[in-house]
Each structure stands twice: as structure tokens, then as C-alpha cells.
2 protein chains.
Amino acid sequence: MMPYAVIRQKRDGGAVPRPLLDSFLQAFHHGDLPDYQMAAFLMAVWFRGLDATELDVLVDAIIDSGSRVDFGAEPGRRIDKHSTGGVGDKVSIVLAPLAAALGVQVPMMTGRGLGHSGGTVDKLSAIPGFRLDLPLDTFRDQVLDLGVAMISQTPEITPLDGRLYALRDVTATVDSIPLIASSIMSKKLASGIDGLVLDVKTGNGAFMTAEADALELARTMIGIGAQRDCDVVALVTAMDRPLGRAVGNALEVVEAIDLLRGEGPADVREVTVALTAEMLVLAAAAPDIEAGRAAAEAALDDGRALDRFRRLVEVQGGDPRVVDSPADTLPRAPVQRTVGAAAAGRVVAMDTRAIGEAAVALGAGRRHTDDLIDPRVGFELQVEPGTRLERGDPVAVIHAADHEVAARAEAALRDAITVGDDTPRPRPLISHRVTRTGVEEVGPGR
Amino acid sequence: MMPYAVIRQKRDGGAVPRPLLDSFLQAFHHGDLPDYQMAAFLMAVWFRGLDATELDVLVDAIIDSGSRVDFGAEPGRRIDKHSTGGVGDKVSIVLAPLAAALGVQVPMMTGRGLGHSGGTVDKLSAIPGFRLDLPLDTFRDQVLDLGVAMISQTPEITPLDGRLYALRDVTATVDSIPLIASSIMSKKLASGIDGLVLDVKTGNGAFMTAEADALELARTMIGIGAQRDCDVVALVTAMDRPLGRAVGNALEVVEAIDLLRGEGPADVREVTVALTAEMLVLAAAAPDIEAGRAAAEAALDDGRALDRFRRLVEVQGGDPRVVDSPADTLPRAPVQRTVGAAAAGRVVAMDTRAIGEAAVALGAGRRHTDDLIDPRVGFELQVEPGTRLERGDPVAVIHAADHEVAARAEAALRDAITVGDDTPRPRPLISHRVTRTGVEEVGPGR
């Protein structure tokens with residue numbers, strides 16, 4: 001009757017006592033609890049949430065289900081960054097070597113894209129030869145030697161999370177804040193971090209479309225970290241338009257390398273600098289945020305970040321020519337199709353999820369976990385909310401495998417980008433900063 | 001993605017469109033939908049309920065999953081009674097032959113007891129030889145010939161309900177009013193009825209402890225019936241004390257036979273007469289409730305109901321001596337232990353669920369579906385709320401397999417029956433009558 005009691009207590013809104021919830025999770029982990037009881041429990045959690053103790057038990061159980069990366073008494077502070085996902089988010093590719101160049105150790109385990117949202121694993125996989133499946137001890141040693149390693153999530157780490165996620169994915173229980181928070185935090189904690197900077201996206205292309213949910217997720221993750229000596233700071237950033245101009249794996253690597261050269265779109269640079277500054281402060285590598293920002297700007301502009309990226313690519317087996325000649329080294333789609341504005345006007349709004357889904361339809365992402373990715377395809381957007389267009393002005397360049405899918409993508413992009421006379425009301429690029437002590441609104445001046 | 005969409009729509013409080021819900025249920029019925037997706041859906045239903053269309057689809061799917069008893073154009077009206085279950089509820093054993101004696105055809109498929117609540121199958125099984133596993137065609141012919149047949153639920157009828165119930169039972173989704181209503185109504189409709197009288201128990205020994213839930217269940221079942229030309233009338237009756245004096249299988253058969261002789265406790269007689277009167281009106285065998293009541297009273301008092309019971313026992317293979325000498329024919333427990341009042345006072349309250357659980361502990365019921373029943377054991381209660389007791393007055397006689405379990409039952413009974421100075425506030429025996437047109441409160445005068 002134990003599993004039944006756990007499900008019923010959660011269903012009725014009560015807190016499941018620590019030993020009971022722990023037994024329930026252990027039984028599932030060891031194959032002694034059927035999927036249907038866990039599915040009912042997860043749905044009850046979707047409705048009722050989890051309190052701090054329940055979250056603690058869940059995070060413990062997930063971490064303890066697999067290996068941990070143990071940095072022991074090695075000097076340095078390990079700080080990671082996590083984004084809740086969106087369209088055009090290539091920040092990690094810039095930020096990880098940038099932070100490492102400034103003295104932070106960055107043990108980054110990244111995910112694959114699913115649905116409308118891209119994943120860093122897929123982007124880095126566009127670089128010929130780049131290996132993301134390093135053994136955990138190699139990962140650890142590289143973090144200590146080079147200051148940065150970027151690998152894909154491995155089944156040795158938090159296998160219980162993998163099983164829970166697979167079940168959530170088919171039972172409509174993915175979008176539960178405590179389940180998302182515990183899944184992310186347990187993976188990050190198992191990778192041996194001392195601190196985490198969280199980029200919580202909000203807007204029509206984010207998983208958290210509502211700002212209140214984004215803040216709640218940030219607070220929940222900060223709370224989990226606080227229980228375990230892991231400082232978590234969150235920035236709430238805009239995902240009511242794609243981040244930067246490039247959407248699609250090879251195209252985003254090109255843009256990331258532009259940024260590492262001190263170039264590239266201002267919005268991605270700003271988000272990258274702001275997140276890196278938080279990492280530097282958490283790592284005690286900068287005395288305050290302003291100093292951290294200045295250091296990050298300098299390392300982007302003077303080539304130190306690019307140099308660290310070059311070493312990262314080399315040590316992980318990637319073709320080093322990508323750094324200096326990305327367009328020649330990365331795979332390129334056979335078809336480029338420019339989308340011109342159908343009428344004059346201003347870009348009022350961008351349906352970011354639809355843009356992400358249009359990229360998936362080109363082959364840049366996955367509808368199902370076993371779909372194959374085409375690294376070549378995607379969009380180079382030429383507009384953002386507020387851009388003034390004359391008829392025929394370029395809105396985007398589509399990179400596609402053939403003309404037929406390019407034509408469909410053009411239709412989807414035209415539907416997703418609203419051009420008109422209304423005043424666009426984009427979200428502030430960075431709207432909130434959340435720490436243990438509370439939420440600050442970030443001024444529009446930044 | 002179909003199952004996912006169904007789960008998500010229900011989770012979000014929307015109504016699942018008919019074809020989508022039907023596909024979902026068919027897929028489950030045919031083994032093409034895993035239990036974990038159904039479990040998540042059932043939990044979402046627990047939180048969100050089902051609207052009239054969804055209920056209709058569910059009831060159809062359950063009925064269509066198995067055989068139906070088809071009475072075709074046979075004359076007569078088939079009316080059944082269903083009780084939501086309680087402690088000491090032997091009404092069916094009296095009511096079925098009584099209604100048949102008055103011209104109603106009663107095709108009764110009854111259930112086994114589970115938890116604190118008894119089941120008619122177990123009570124009738126106390127009669128040596130009584131067969132409850134008749135084939136469906138025998139069942140049908142007997143209803144047409146004798147006017148009554150009482151059998152246990154068969155897997156040929158509504159097998160989908162059996163699978164759903166088994167899953168609900170282990171996922172804490174049993175106590176959902178739409179799921180309860182659709183489960184009961186689909187079984188009843190598949191048994192070929194034209195009308196149904198529902199006895200919805202409420203109080204501390206009922207599954208619906210709250211009156212509002214009892215009324216909601218009644219309204220939901222009436223609504224399902226109304227979609228299918230099946231008139232449903234519900235009486236809400238008291239289960240804040242056991243019904244009658246006997247609790248336990250053979251003991252309840254003895255009390256039922258007393259009632260069929262025009263004797264027995266007034267409360268069971270009153271509930272039986274009221275429910276039978278409703279059946280007579282639904283069958284057009286009485287012009288109104290008062291006439292139906294009078295007819296029922298007469299048939300209990302003049303032996304017609306007893307005579308029909310005698311023929312029922314004979315035709316279903318039971319030992320016919322049970323009718324005239326029940327105490328000698330039914331199995332008797334080796335130990336009788338009289339519980340005396342510990343102090344003078346008045347019976348203020350009876351924890352009816354605890355009394356039912358004490359009977360289960362004696363062996364009168366099941367904790368698990370595969371537990372064996374001891375037909376001999378149970379209680380003959382001597383008190384009801386309001387009974388004045390002097391110290392040592394008999395409170396109950398315990399019938400037990402041995403002295404040890406009898407002693408434990410005595411302790412449980414003493415805990416369950418509160419004796420004191422407070423004024424007891426028992427529920428009215430019959431508090432509400434619910435029909436398609438609405439809810440009437442039934443006066444305390446009845």
C-alpha cells in the first residue's frame with residue numbers, strides 16, 4: 001500500500017513524508033514500482049506541486065541514482081550556466097570558453113534540442129569531428145586543465161532523471177515547475193558544480209511563456225541550490241523573438257564565432273556578457289557584476305575568448321579550421337532563399353515558437369527523440385521587433401535541403417512575423433535578476 | 001501524439017472531443033495504449049472531472065467492450081437497484097424478490113465486498129449451494145421466468161471497466177464521481193435494464209462521506225441514464241450507523257429472511273420499502289410512490305416476498321431449508337461473545353467505517369481482492385445512536401472463529417461506539433430523493 005499512499009497524499013495536496021517519498025522513488029529506480037503508479041504520481045505533482053522537503057528528496061534520489069563528477073579538493077570554482085531553452089540561443093558556445101578564459105572552471109553538460117527549441121549538443125555537433133561523448137574522467141580532467149569541457153548528457157549521470165523524463169514526456173507532465181527544477185538541478189549538481197547561473201527564458205518562444213512561471217522556476221532552483229551549498233543566480237531574459245539572427249545548428253556556430261571575435265548581434269552579446277559576469281562573481285573571479293561585465297567584454301574583444309574556444313575545439317577533436325573559416329568548414333545547405341517583405345511596415349511581433357517549429361520542419365531540430373538533424377539548415381533573420389521594412393526588403397535567408405521545403409519555410413516565416421503599423425512591445429532583453437535574497441527588476445537601460 | 005493530446009487536454013481542464021476520447025479508450029481496450037498513459041489520464045480526470053459528452057463516450061466504450069444482456073421485445077420492465085455500499089446493507093436480498101413478487105423484472109448483477117463495505121455476492125454465498133455464476137442466457141431466462149435473478153458480475157460484461165478499475169485501484173483514482181458513475185451505469189446498462197433505483201449512502205461508513213458528493217453522484221448517474229432511455233431515481237440514505245443490526249454474511253442473510261417474514265429492524269425495512277416503491281413506479285407496477293410503498297409493505301407482511309425468495313434460492317441451487325430454518329442451515333461461528341456496556345450513558349455516535357473494518361478483521365470481508373471470506377463471522381449489534389445503556393447492558397454479540405479475534409473485535413467495537421451524555425445527531429434515514437427534475441429533501445416524518 002506504500003505507493004498508493006504516496007500517490008493519494010500528493011493527490012490530496014499533502015506533503016509526502018521524506019522516508020515514504022524516498023522509498024517510492026527508490027522502488028521506481030530499482031524497477032519495483034510500475035510506470036503507471038509513477039505516472040499517476042507525476043500527474044498529481046503537476047496539479048499539487050512539491051514542497052521544499054519533497055524537492056530535496058527528489059533531487060537526492062536523482063543524484064544518487066548515478067555517478068557524480070568529483071572535483072574533490074581541486075582548486076578553483078566550478079560554475080555552470082543553464083538556459084531553459086529557446087530559439088537561436090547559442091550563448092553557451094560563447095560563454096563557456098569566455099568564462100574559462102577569465103578563470104572560471106566550466107563543466108558543461110548540455111542537451112539535445114527537442115520540439116521548437118534547439119540544443120547546444122546539436123549545434124556543436126555541426127563542427128566536423130567535435131566529440132561530445134567524452135568519458136566522465138576525461139571531462140573532469142579537461143575542466144581542470146583547460147577550464148572548460150562541453151559534453152552531452154551521459155546516462156551515467158542521473159539515470160533516474162532519464163526514466164522520469166521519458167515518462168513525463170508521454171504523460172503530459174513535463175511542464176511542472178518543481179519537476180523541471182529538480183531535473184535540471186540534480187543533473188547540474190551531479191556534474192560537480194559549486195554555482196550555477198540560470199538563464200530563464202520567457203515569452204512566446206520559451207517553455208515558460210508567462211513571466212510569473214519563469215520567476216517561480218528561478219526561485220525553485222535557487223531554493224534547491226541553497227540546500228546544497230550551490231549558489232544559483234537567475235536572469236530572466238526575453239524569448240519573444242529569437243536570440244540573435246541565426247537559427248539552425250551550423251548557422252548558429254557561425255554567429256557564435258562572430259561573437260567570440262567581438263562581433264555579432266548585440267542582443268546575444270549582451271545576454272552572454274550579463275550571464276558571464278554572474279559566473280565570474282560566483283567564481284570569485286570578479287569582485288562585482290560591473291567588473292565581471294567589463295572583463296567579459298574585454299575578453300571577447302581581445303581574442304582571449306576565441307583562443308580558449310580554439311583550444312576547446314582542438315582538444316575535443318573538432319576541425320580547428322572552423323575558428324578562422326567557419327563558413328568553409330561547416331556544412332552548408334544547397335539552397336538559400338531570401339524572403340522579401342510582402343508590404344512596407346514595421347515588424348510588430350514574432351511568433352518565436354512558430355519560427356522554431358519552422359526550423360524543425362527544415363530539419364534543424366527534432367519532433368521525436370530519434371529524429372535525425374540536418375546541421376546545415378535554418379534561418380538567418382534580418383529583422384527584429386521594430387525593424388522598418390519597405391516592400392521587398394529582406395526578412396530572412398532560408399537555408400534548406402531543397403526548394404520545396406524552403407518554400408514551405410517561407411510561408412511559415414511569413415505567418416510567424418507580423419508586419420504592420422502597431423507599436424511593437426518587445427520584452428526587455430533582461431527583465432529580472434533573481435538571487436537568494438529576492439527578485440530585482442533590471443532597468444531597461446541595460 | 002493522440003494519447004498525449006488527450007491527457008494534456010484533460011489536464012488543462014478542457015473537454016476532450018468525442019472522436020479523440022473514443023480513440024484513446026479503444027486503444028487502451030485493445031492493448032495499444034500503455035497503462036501509464038491511462039493512469040495519467042485518470043489522475044487528470046480525478047482533478048478535472050468529465051463533462052456530459054465525455055461521460056457518454058466513456059460509458060459507450062465500457063458497454064461496447066463486452067456482451068450485453070438483450071431482453072429484446074420481451075414484455076415487462078427490467079428495473080435494478082444499486083447501492084453505493086456500506087455496513088450491514090442487506091437490502092438487495094430482500095428487495096429483489098419483493099419487487100419481483102410485485103411484477104418488476106429484476107436482473108441483478110451484484111458485487112463482492114471490498115474494504116469496510118460488504119457485498120451482496122458474499123452474503124448470498126453464505127447460503128449453501130447458492131450459485132452466483134450463472135451463464136448470461138440462463139440469467140436472462142430466469143429474469144423472464146421468475147422475475148428475478150441475482151448473479152455476480154461476470155467478465156463478459158464490461159471488461160474495460162474491470163481493467164480501468166484495476167488501474168484506478170492502484171493509482172488512487174477510485175474516488176472520482178464521474179469515474180464511479182460511469183463504471184456503475186455502464187455495468188447496469190449492459191445488464192439490460194430499463195430503469196435503476198440508486199441508494200446513495202452518505203455518512204461515516206459510506207464511500208461518499210459528504211452529502212454534497214452523494215448528491216453529485218446521484219445527479220451524474222441520472223444524467224448518464226437520461227442519455228439512454230434509462231430512468232434513474234436516487235435516494236440518499238444514512239450510513240452514519242450500520243443499516244439494521246446484523247453485520248457479516250450469514251448473519252445478514254438471517255436478518256434479510258426476518259425482513260422477508262415481515263419482521264426485522266425497522267430501518268432496513270423502511271429503506272427497502274422506499275427503494276422498492278421507486279422500482280414499482282419506474283416499472284409502471286404502481287401508480288405512485290405511496291401505492292408502491294403500500295404494495296411493498298403488504299408483500300413483506302403476507303409472505304409473497306418470502307415465497308419469491310424461496311423460489312429464487314431453489315432455482316439458483318441454494319439449500320431451500322435456509323428460508324424456514326436459517327439459523328440451522330447457515331454456517332455458525334464457534335465463538336459468540338457478548339460485549340457489555342462499560343458505563344451507563346447514551347450511544348452518541350457510531351464510527352461505521354471502523355465497525356465495518358472490525359468485521360473485516362474477523363474475516364467477514366476482504367482487505368485484498370484475493371482474501372477469503374468467513375461467512376460465519378460478524379456482529380449482531382444491539383444499539384443504535386440514541387440507545388440508553390446501563391453498565392453491562394449488551395452492546396453487541398460478536399461471532400468469531402476463535403476467542404483471540406473475538407477479543408480484538410470487542411476492543412475495536414468499544415472504540416467505534418461512543419457512549420456519553422451528548423445528544424446524538426444521526427442523519428435522517430432517507431434525506432433526499434433525486435430525479436431528473438431535481439432534488440427533494442425528504443421530511444424527517446418518513
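Residues numbered from 1 in each chain as written. Chains lettered and ligands numbered in written order. Predicted model: local features only at pLDDT ≥ 70, side-chain atom pairs only at ≥ 80, totals over all residues. Heavy atoms only, no water.

> Please provide a residue-by-residue account of the overall build of chain A, values included.
When helices and strands are tallied, chain A shows 18 helices and 14 strands. For chain A, whose C-alpha radius of gyration is 22 Å, the value lies close to the compact-globule estimate of 22 Å for 446 residues. Each principal axis of the C-alpha atoms in chain A carries an extent, and together these give about 65 × 45 × 40 Å. A total of 446 residues make up chain A; the buried ones form 58% of that total. Partitioning the contacts of chain A with sequence separation of at least 6, the portion at a separation of at least 24 is 78%. (Helix = DSSP H or I, 4+ residues; strand = E, 2+ residues; numbered from the N terminus. Rg over C-alpha atoms; globule rule 2.2 N^0.38 Å. Buried < 20%, exposed > 50% of the residue type's maximum accessible area, 1.4 Å probe, protein only. Contact = heavy atoms within 4.5 Å.)

> Explain the interface of chain A and chain B to me, using residue names and the numbers behind them.
If you look at the interface, chain A gives 22 residues, while chain B gives 22 residues. Interface area, chain A with chain B, both sides summed: about 1900 Å², of which 74% is carbon and sulfur. Of all residues in chain A, Arg 11, Tyr 36 and Phe 47 of chain A give up the largest surface area on contact with chain B, accounting jointly for 33% of the area buried on that side. Linking chain A with chain B are 2 salt bridges, by the criterion used here. The closest approach of N and O atoms between Arg 11 of chain A and Asp 175 of chain B, which form a salt bridge, is 2.7 Å. Taken together, chain A and chain B are joined by 6 residue pairs in polar contact (both at pLDDT 80 or more). Every element with two or more residues in the side of chain A that touches chain B is listed here: helix H1 (2–11), helix H3 (35–48) and helix H8 (159–170) of chain A. Take the side of chain A that touches chain B: its biggest share by element is 10 residues, from H3 of chain A. For the side of chain A that touches chain B, the class distribution of residues is 12 nonpolar, 3 polar and 7 charged. (Buried area = accessible area lost by both parts, 1.4 Å probe. Salt bridge = Lys/Arg side-chain N within 4 Å of Asp/Glu carboxyl O. Polar contact = N/O pair within 3.5 Å; in protein donor to acceptor, adjacent residues only side chain to side chain. Nonpolar A, V, L, I, M, F, W, Y, C, P; charged D, E, K, R; others polar.)

> Lay out the relation of the copies chain A and chain B in plain terms, naming residues and giving numbers.
Mapping chain A onto chain B is achieved by rotating through 179° and translating by 0.0 Å along the same axis, at an RMSD of 0.1 Å. Such a combination of rotation and displacement between the chain copies is what one expects of a two-fold axis. No C-alpha of chain A lies nearer the rotation axis than that of Tyr 36 of chain A, which sits 1.8 Å from it. Of the interface residues in chain A, 100% have counterparts in chain B that sit at the interface too, so the contact is made through matching surfaces. (Least-squares fit on C-alpha atoms with pLDDT ≥ 70 in both.)

> Pulling in residues and values, what's your account of the pattern of salt bridges?
One pass over the structure, following the stated rule, counts 75 salt bridges over all chains. Here Arg 293 of chain B and Glu 270 of chain B are joined by a salt bridge, their closest N and O atoms 3.0 Å apart. Taken together, the positions of Arg 293 of chain B in helix H13 (residues 289–301) and Glu 270 of chain B in helix H12 (residues 266–282) put the pair 23 residues apart, joining distant regions of the chain. Relative accessible area serves as the criterion here: at 12%, Arg 293 of chain B is assigned to the buried category. Using a relative accessible area of 13% as the deciding quantity, one classes Glu 270 of chain B as buried. As a salt-bridge pair, Glu 410 of chain B and Arg 414 of chain B come within 2.6 Å of each other at their nearest N and O atoms. Separated by 4 residues within a single helix, Glu 410 of chain B and Arg 414 of chain B lie in helix H18 (residues 403–416), roughly one turn from each other. The class for Glu 410 of chain B is buried, based on a relative accessible area of 14%. Salt bridges sharing common partners tie together Arg 269, Glu 270, Arg 293, Glu 297 and Asp 301 of chain A.

> Can you explain H12 of chain B? Please cite residues and give values.
All names here are of chain B. Taking 1.5 Å of rise per residue, 17 residues should cover 24 Å, and H12 covers 24 Å from first to last C-alpha, within 8% of that figure. Counting buried positions along H12 gives 15 out of 17 residues, so the element sits mostly inside the fold. Positive phi appears at Ala 284, one or two residues downstream of H12, with a value of about 60°. (Expected span 1.5 Å × (residues − 1).)

> Lay out the sheet that holds strand S12 (residues 417–420) of chain A in plain terms, naming residues and giving numbers.
All names here are of chain A. Strand order in the open sheet made by the 3 strands is S10-S8-S12, with antiparallel pairing throughout. Strand pairing shows two members of the sheet lacking a second neighbour, strand S10 (388–389) and S12, which therefore form its edges. In the sheet, strand S8 (residues 345–350) pairs with S12 via 4 bridges, with the strands oriented antiparallel. Each bridged residue has a counterpart across the sheet, and for Val 347 the counterpart in S12 is Val 419. (Pairing = 2+ DSSP bridges.)

> Account for the side chain of Ser 176 of chain A, naming residues and giving values.
All names here are of chain A. By the secondary structure assignment, Ser 176 is in the loop between H8 and helix H9 (177–190). On the accessibility criterion, Ser 176 (3% relative accessible area) is buried. Contacts of Ser 176, omitting those with residues within four sequence positions, involve Val 45 and Trp 46.

> So what about unusual backbone geometry? Which residues, and what values?
Phi at Ala 284 of chain A is positive, roughly 60°, even though this residue is not glycine. Phi at Ala 172 of chain B takes a positive value of approximately 60°, unusual for a residue other than glycine. Mapped onto the elements, Ala 172 of chain B comes out in the loop between helix H8 (159–170) and helix H9 (177–190). Under the relative-accessibility criterion, Ala 172 of chain B is labelled buried at 0%.

> Report on the environment of Val 442 of chain B, specifying residues and quantitative values.
Residue and element names in this part refer to chain B. Mapping Val 442 onto the fold places it in the segment after strand S14 (438–441). We classify Val 442 as buried; its relative accessible area is 15%. Remark: the alpha-carbon pair of Val 442 and Val 236, spanning 206 residues in sequence, is separated by 9.3 Å. Discounting residues that sit within four places of it in the chain, Val 442 has contacts with Ile 430, Ser 431, His 432 and Arg 433.

> Account for the packing of helix H4 (residues 52–64) of chain A against H8 of chain A, naming residues and giving values.
Geometrically, a packed helix pair is captured by the angle between its two axes and the distance between the axes. Residues and elements named next belong to chain A. For the pair H4 and H8, the least separation of the axes is 6 Å and the interaxial angle reads 115°. One element, H4, and the other, H8, form an angle in the roughly perpendicular class. Contacts from Leu 58, Ala 61 and Ile 62 in H4 reach Leu 160, Asp 161 and Leu 164 in H8. For the contact of H4 with H8, the residue count by class is 5 nonpolar, no polar and 1 charged. (Axes fitted to C-alpha atoms, helices over the stretch in contact; angles between N-to-C directions. Parallel < 35°, antiparallel > 145°, perpendicular 65-115°, else oblique.)

> Hey, could you go over the confidence of the model for chain A for me, with residue numbers and the actual values?
When pLDDT is averaged along chain A, the result is 95, and 99% of the positions lie at 70 or above. With a pTM of 0.89, the predicted complex shows an ipTM of 0.87. (pLDDT = per-residue confidence, 0-100.)

> Tell me about the sheet that holds strand S13 (residues 430–435) of chain B, and please be specific about residues and values.
Residues and elements named next belong to chain B. The strand order S1-S4-S5-S13-S14 describes an open sheet built from 5 strands, whose pairing is mixed. Each having just a single partner strand, strand S1 (79–83) and S14 make up the two edges of the open sheet. Direction aside, neighbouring strands of the sheet carry axes that sit 20° apart on average. Across 8 bridges, strand S4 (residues 195–202) lies against strand S5 (residues 231–238) in parallel orientation. What sits directly across from Val 197, in S5, is Val 233. Lying on the sheet, H9 is in contact with S1, S4 and S5; it crosses S1 at an angle near 155°.

> Describe the side chain of Lys 188 of chain A, with residues and values.
For Lys 188 of chain A, the location among the structural elements is in helix H9. Excluding residues that lie within four positions of it along the chain, Lys 188 of chain A makes contacts with Asp 80, Lys 81, His 82, Met 109, Ile 193 and Leu 196 of chain A.

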